[in-house]
Amino acid sequence: MADRVTVIGWDGSPLTAAARSALGAATLVAGAAHHLALPEVPGRAERVRLGSVSLAARRITGHRGTAVVIADGDPGFFGVVRTLRAPEYGLEVEVVPAVSSVAQAFARAGMPWDDAQVVVAHRRTLRRAVNVCRAHTKVAVLTSPGAGPAELGLLLEGVHRTFVICEELGTDREQVTVVTSDKAADHTWRDPNVVIVAGGTVTTPAPENGGWLAGGEPRDTASAPRGWALPAAEYTGPFGEGETEQLRAAQLARLGPRTGDLVWDIGCGSGAFTAEAARFGAAVIAVDRDEDACARTLSAVRGFGVQAQIVHGTAPHALEDLPEPDVVRVGGGGAAVVSAVADRRPARIVAHAATRDAAELIGRDLTEHGYDVECALLQSVELDTRVWTEKERTVGFLLSGRLPDRHP
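Structure report, in brief.

What counts and how
- Residues numbered from 1 in each chain as written.
- Predicted model: local features only at pLDDT ≥ 70, side-chain atom pairs only at ≥ 80, totals over all residues.
- Heavy atoms only, no water.
- Phe/Tyr/Trp six-rings, centres within 6.5 Å; stacked < 30°, edge-to-face > 60°.
- Buried < 20%, exposed > 50% of the residue type's maximum accessible area, 1.4 Å probe, protein only.
- Helix = DSSP H or I, 4+ residues; strand = E, 2+ residues; numbered from the N terminus.
- Expected span 1.5 Å × (residues − 1).
- Arc of directions from axis to C-beta.
- Contact = heavy atoms within 4.5 Å.
- Polar contact = N/O pair within 3.5 Å; in protein donor to acceptor, adjacent residues only side chain to side chain.
- Pairing = 2+ DSSP bridges.
- Axes fitted to C-alpha atoms, helices over the stretch in contact; angles between N-to-C directions.
- Parallel < 35°, antiparallel > 145°, perpendicular 65-115°, else oblique.
- Left-handed = near helix turned anticlockwise from the far one by under 90°.
- Nonpolar A, V, L, I, M, F, W, Y, C, P; charged D, E, K, R; others polar.

Comments concerning the packing of aromatic side chains
(1) Moving on: All told, the structure shown has five aromatic pairs when counted by the stated rule.
(2) Moving on: Relative to Phe78, the ring of Phe77 has its centre 5.1 Å away and its plane inclined at 75°; by these criteria the two rings are edge-to-face.
(3) Moving on: Looking at Phe78, the relative accessible area reads 53%, which means it is exposed.
(4) Moving on: Here the aromatic rings of Tyr235 and Phe304 are separated by 5.4 Å at their centres, their planes lie at 40°, and the arrangement is tilted. In this pair, Tyr235 is assigned in the loop between β10 (193-198) and α8 (245-255) and Phe304 in the loop between α10 (291-303) and β13 (309-312), connecting sequence segments 69 residues apart.

This is how it looks when you write it as structure tokens:
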């Protein structure tokens, strides 16, 4: 095992005295090509081109001497330090940090970033990174080849965002470009780059002294209502069939929307489910054939300070060009819409039915599509607590389908 391992962050500025001292004593230096070309790298040191960090970690583990790893930006922020400290390598490291590429990007844009989400996009996580950009008004995306500004723009179709694209930060080839998301695919971008994705509707003012939680929205969360499955009084207009608080609570519990997910809310009605799924951090596309329902949904999401894409159209035809969902609520359209949704293979689907026959039809269709199906009869009785008499009774069937071969 190496006697000593130092990780140096590099942001294009001159190396610090601590970094130069570590490099001067190094017998092995790992880094990208432009790091290994730095004049401070000793000629006698073994040089390891840093491609796979895991492979480099194994080389360092077997090295007898003093090792240095050079990485762009802050190596402790989505960087190499996590891998090097993994238990299988047993490496204790000293870190000489630099300014992270995210901090540099926001500095170039002249924007604060304590309220920003930060995501890493590569081929495996690109879709989830895009969903974060749909759900939030300010996101920094650490890109990779094949998951860069062009791909982000293409997958954000239907959602308007502004891109601040920062290429090769800290080098002589540094360039900062501002484009709209629909134009990003018209250009060729150099790696490495960081993309700031900004836009959406912000309806609540930022607190005077800023926020209190890094990555949180810059609004006063104390003014937001506490709880989930809120009553109709919190929304504009009455609830329709299948929108009761109790049914909505069960649907949210079955679907479990979360950050990085894309939720479809088909037959969005009052917008209550759309707004609450978005409050969990998920991206939401709400669909309804009724223009008034679309307007109510827009009012609901704006009232809660969250983001959603609203599509006026009739399912299943309105679903054909939408991006692939992770979980879906079918609030209207019956078995035909459920069948069209199941063809897209989301991980989970919920629907409701007023009768047992309708519930059986939906359940059989989900089963034929390979879903594990649960059905429950939900009965809710609201009491007038002044006299403890029954005010309203609702009865309905909740159906949920889970696709066994997809991540839950």
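Focus on α10
(1) Moving on: Compared with the 18 Å implied by 1.5 Å per residue over 13 residues, the 18 Å span of α10 between its first and last C-alpha is a close match.
(2) Moving on: Within α10, the full set of buried residues consists of Ala293, Cys294, Thr297, Ala300 and Val301. Each buried residue of α10 lies within a common arc of 120° when the element is viewed along its axis, so the set occupies one face. Away from its buried face, by an angle of more than 90 degrees, α10 presents the exposed residues Glu291 and Gly303.
(3) Moving on: In the core, the buried residues of α10 are packed alongside α9 (272-279), β12 (283-288) and β13.
(4) Moving on: Where α10 starts, the residue carrying a side-chain oxygen 3.2 Å from the main-chain nitrogen of Asp292 turns out to be Asp290.
(5) Moving on: At the C-terminal side of α10, Gly305 shows a positive phi close to 70°.

Quick word on the sheet that holds strand β17 (residues 389-402)
The pairing of strands in a sheet happens through backbone hydrogen bonds and is either parallel or antiparallel.
(1) Moving on: Across the sheet, seven strands lie side by side as β13-β12-β11-β14-β15-β17-β16; this open sheet has mixed pairing. Here the strands that pair on one side only, and so sit at the sheet edges, are β13 and β16 (372-384). Ignoring strand direction, the axes of neighbouring strands in this sheet form an average angle of 20°.
(2) Moving on: The sheet contact formed by β16 and β17 spans 13 bridges and is antiparallel. Its bridge partner being in β17, Asp384 is matched across the sheet by Thr389.
(3) Moving on: Contacting β11 (262-266), β12 and β14 (327-330), α9 crosses the sheet at an angle of about 170° to β12.

Some words on the packing of α8 against α9
(1) Moving on: Where α8 meets α9, the axes come as close as 11 Å, and the angle between the chain directions of the two elements is 40°. In terms of orientation, α8 lies oblique with respect to α9. Where α8 crosses over α9, the two elements pack in a sense that is right-handed. Contacts between α8 and α9 involve Arg248, Gln251, Leu252 and Leu255 from the former and Ala272, Phe273, Glu276 and Ala277 from the latter.
(2) Moving on: Within the contact of α8 with α9, the residues separate by chemical class into five nonpolar, one polar and two charged.

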